[in-house]
Amino acid sequence: MWRSTTLVVAAVMGATAASITSLVQDEWQLFKLEYNKQYNTDVKEQFRMKIFMDNKHKVLEHNKHFAQNMTSFKLKLNHLGDMLRQEIISSMTGFTEMDTKNGIQDITAIYIPPDDDVLLPSSVDWRKKGAVTGVKNQGQCASGWAFSTTGSLEGQHFRRWSRLLNISEQNLIDCCHLCQGCQGARMDYAFTYIMQNNGIDSESYYPYEARALGYVSIPTGDEIALKAAVANIGPVSVAIDASLPSLHYYTHGSILSRCVLRPSTRLTHRALVVGYGSDWGHEYWVVKNSWSPYWGDHGYIKIARNRNNQCGIATSAGYPLV
């Protein structure tokens, strides 16, 4: 009897293990189909599958904490699911910190917010006003700086001429001699190139109307000033810390309230604030990213607002003068 029971238990355990293996393979195949993933060799595929399963485990652990009300946001694997964290940071971010060694012309002005008696709206969304183009995909090129630059220019062009244009990121990546293409860049370098070039092309070969282009800088770390700029000026280019999986695998329906281990001083990526608002008393920024519509909430993320400069969102913010 004992031997019979042992054999039954062993058979059940074997069947369970086989079912788990089959489930893993099914999830992997679905991931590859959904995001059109292809690998040159079996060795590379096995390597990427291992990363995928590790990332899936981390996401499930995080979402278990969410179900226990231990965190305020959920995660979900996306097209970055087969990449190591360091690979995402090195190939998808690329913001370069400010320095003063290159001797470029200083075209930066400081943003002066409106008087205290000016009432700002409780929420703003420039997408609804027609000032924001569709979410784009930078691919595995650390060119978020170019997409952030064009996004702020597209918004300012819309406000000035009531026309929404898709401005060319490739023009900046190929031609901005002060920038580093897929290795990152500073925002003032990009705007200096546009000024010196007397404009920038649109994605359908539109020559940007040459003006005395400048760059207005929001006071560092000032979320109140950032709110005023978004409300009164339009979409604002920002730099954020994009180094943790909480941002890499962010999904819709939640507000990202923790994207760093400590108050952010490390800025790794450029994005675009297109609005702000609040849900049940929880204030947030609406941020457009350039990691494709597969990422986040169709390419967007809500980052906690007035939470000690979460993700460093107000540390290096600004917009162009056109």
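This one's a predicted model, so the numbers in the text were calculated from it and none came from an experiment.

A. Structural context of the confidence of the model for the protein chain. Averaged over all residues, the pLDDT of the protein chain is 84; the fraction at 70 or higher stands at 84%. Confidence scores differ between elements of the protein chain, with helix H1 (residues 2-34) showing the lowest mean pLDDT of 67 and strand E2 (residues 124-125) the highest of 98. Every residue in residues 98-105 scores below 50 in pLDDT, and together they form 16 contacts with partners more than four places removed in sequence or on other chains.

B. Representation of the pattern of salt bridges. Evaluation of the coordinates by the stated rule reveals ten salt bridges. Between Arg48 and Glu87 there is a salt bridge; the shortest N-O distance is 2.7 Å. One end of the pair, Arg48, is in helix H2 (residues 42-67); the other, Glu87, is in helix H3 (residues 85-92), and 39 residues separate them in sequence. Its relative accessible area of 18% is what places Arg48 among the buried residues. With a relative accessible area of 24%, Glu87 lands in the partly exposed category.

C. Seen up close, the state of the cysteines. Scanning the model with the defined rule gives two disulfides in all. Cys141 shares a disulfide with Cys182; S-S distance 1.9 Å. Between Cys141 and Cys182, the S-S torsion sits near -95 degrees, and that sign places the bridge as left-handed. Of this pair, Cys141 sits in the loop between E2 and helix H4 (144-161) while Cys182 sits in the loop between helix H5 (169-175) and helix H6 (187-196); the two residues are 41 residues apart in sequence, bridging distant segments of the chain. Put simply, Cys176 and Cys179 are joined by a disulfide, and their sulfur atoms are 2.2 Å apart. Around the S-S axis, the bridge from Cys176 to Cys179 shows a dihedral of about 55 degrees and counts as right-handed. The exposure class of Cys179 is buried, given its relative accessible area of 10%. Free of any disulfide, Cys175 has its nearest cysteine sulfur in Cys176, 8.9 Å distant. On the basis of relative accessible area, Cys175 is assigned to the partly exposed category, the value being 39%.

D. Up close: the packing of aromatic side chains. Evaluated as defined, the whole model comprises ten aromatic pairs. Ring geometry for Tyr35 against Tyr294: centres 5.1 Å apart, planes inclined by 85 degrees, an arrangement best described as edge-to-face. Within this pair, whereas Tyr35 is found in the loop between H1 and H2, its partner Tyr294 is found in the loop between strand E6 (282-288) and strand E7 (300-304), the two being separated by 259 residues in sequence. On the basis of relative accessibility, which here comes to 13%, the residue Tyr35 falls in the buried class.

E. Structural view of the packing of H4 against H6. In contact at an axis separation of 10 Å, H4 and H6 are set at 60 degrees when each is read in the N-to-C sense. The angle between the axes of H4 and H6 places the two elements in the oblique class. The crossing of H4 and H6 is right-handed. On the side of H4, the interface is formed by Trp145, Ser148, Thr149, Ser152 and Leu153, while H6 contributes Met187, Ala190, Phe191 and Ile194.

F. Fine view of H3. Those residues of H3 that fall on the buried side of the exposure criterion are Ile88, Ile89, Ser91 and Met92. Within two residues after H3, Gly94 carries a phi angle of roughly 100 degrees, on the positive side.

G. Region of the structure containing H2. Here H2 contains 26 residues, and its C-alpha end-to-end distance of 37 Å stays within 8% of the 38 Å for a straight helix at 1.5 Å per residue. Of all the positions in H2, only Glu45, Arg48, Met49, Ile51, Phe52, Asn55, Val59, His62 and Asn63 are classed as buried. Just past H2, the residue Asn69 takes up positive phi, approximately 60 degrees.

H. Quick look at the nonpolar core. Core analysis: the largest hydrophobic core is formed by 60 residues, its most contacted members being Tyr111, Ile218, Leu226, Val230, Val238, Leu256 and Ile313. Counting residues per element, the ones that place at least two in this core are H1, H2, H3, helix H7 (223-232), strand E4 (236-240), strand E5 (269-279), E6 and E7. In terms of residues, this core owes the most to one element, H7, which gives six residues. Setting aside residues no more than four positions away along its own chain, Leu226 makes contact with Ile218, Val236, Val238, Trp285, Ile313, Ala314 and Ala317. Counting residues in each nonpolar core, the second largest holds 18 residues, with Tyr189, Ala190, Tyr193 and Tyr215 among its members.

What counts, and at which threshold
Residues numbered from 1 in each chain as written. Predicted model: local features only at pLDDT ≥ 70, side-chain atom pairs only at ≥ 80, totals over all residues. Heavy atoms only, no water. pLDDT = per-residue confidence, 0-100. Helix = DSSP H or I, 4+ residues; strand = E, 2+ residues; numbered from the N terminus. Contact = heavy atoms within 4.5 Å. Salt bridge = Lys/Arg side-chain N within 4 Å of Asp/Glu carboxyl O. Buried < 20%, exposed > 50% of the residue type's maximum accessible area, 1.4 Å probe, protein only. Disulfide = S-S within 2.5 Å. Phe/Tyr/Trp six-rings, centres within 6.5 Å; stacked < 30°, edge-to-face > 60°. Axes fitted to C-alpha atoms, helices over the stretch in contact; angles between N-to-C directions. Parallel < 35°, antiparallel > 145°, perpendicular 65-115°, else oblique. Left-handed = near helix turned anticlockwise from the far one by under 90°. Expected span 1.5 Å × (residues − 1). Core = buried A, V, L, I, M, F, W, Y, C linked by side-chain atoms within 4.5 Å.

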